[in-house]
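Inside the fold
Read off the chains here:
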Amino acid sequence: KVIVMTHAYDNRKGVRYMGSADSPLKVYYCPFIPMTDQDIMPTITATFPLWRNIVLRERIEIVHVHQATSVMSNESVVYAAAMGLPSVY
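Read on for an overview of the structure.

Definitions and limits used
- Residues numbered from 1 in each chain as written.
- Predicted model: local features only at pLDDT ≥ 70, side-chain atom pairs only at ≥ 80, totals over all residues.
- Heavy atoms only, no water.
- Buried < 20%, exposed > 50% of the residue type's maximum accessible area, 1.4 Å probe, protein only.
- Helix = DSSP H or I, 4+ residues; strand = E, 2+ residues; numbered from the N terminus.
- Pairing = 2+ DSSP bridges.
- Arc of directions from axis to C-beta.
- Contact = heavy atoms within 4.5 Å.

**Some thoughts on the pairing of strand β3 (residues 25-30)**
- Judged by how many residues are buried, β3 sits mostly within the fold: five of six residues are covered.
- With five bridges connecting them, strand β1 (residues 3-7) and β3 associate as parallel partners. Bridging from a neighbouring strand, Met 5 pairs with Tyr 28 of β3.
- The turn joining strand β2 (residues 14-18) and β3, which pair antiparallel and follow one another in sequence, is formed by six residues; a positive phi near 95° is taken by Gly 19.

**Quick notes on helix α1 (residues 48-58)**
- Within α1, the full set of buried residues consists of Trp 51, Ile 54, Val 55 and Glu 58. Axial view of α1: buried residues confined to an arc of 95°, hence all on one face.
- Buried residues belonging to α1 abut β1, β3, β6 (63-64) and α2 (71-82).
- In the segment just after α1, Arg 59 is the residue with positive phi, at about 55°.

Scope: geometric values only; no functional claims are made or implied.
Now the structure itself:
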């Protein structure tokens, strides 16, 4: 199973399902406000509680991130390491 975590975009907030009814892709639009270039402010710890909750609820076994300039991606790699989860860039 694959899920996507990203920050909120305009009217996209909360959980949405994309794709076909028999195999939907679950997308979490987290309430992190983007600042410049659709990137969130670095916090290191403020986003961890929600990130951890999603990872535990969805039983995530491996974390895969994109975009080296993304704060959320970099924090996710740090959080994965702190929780003992493997991560792939």
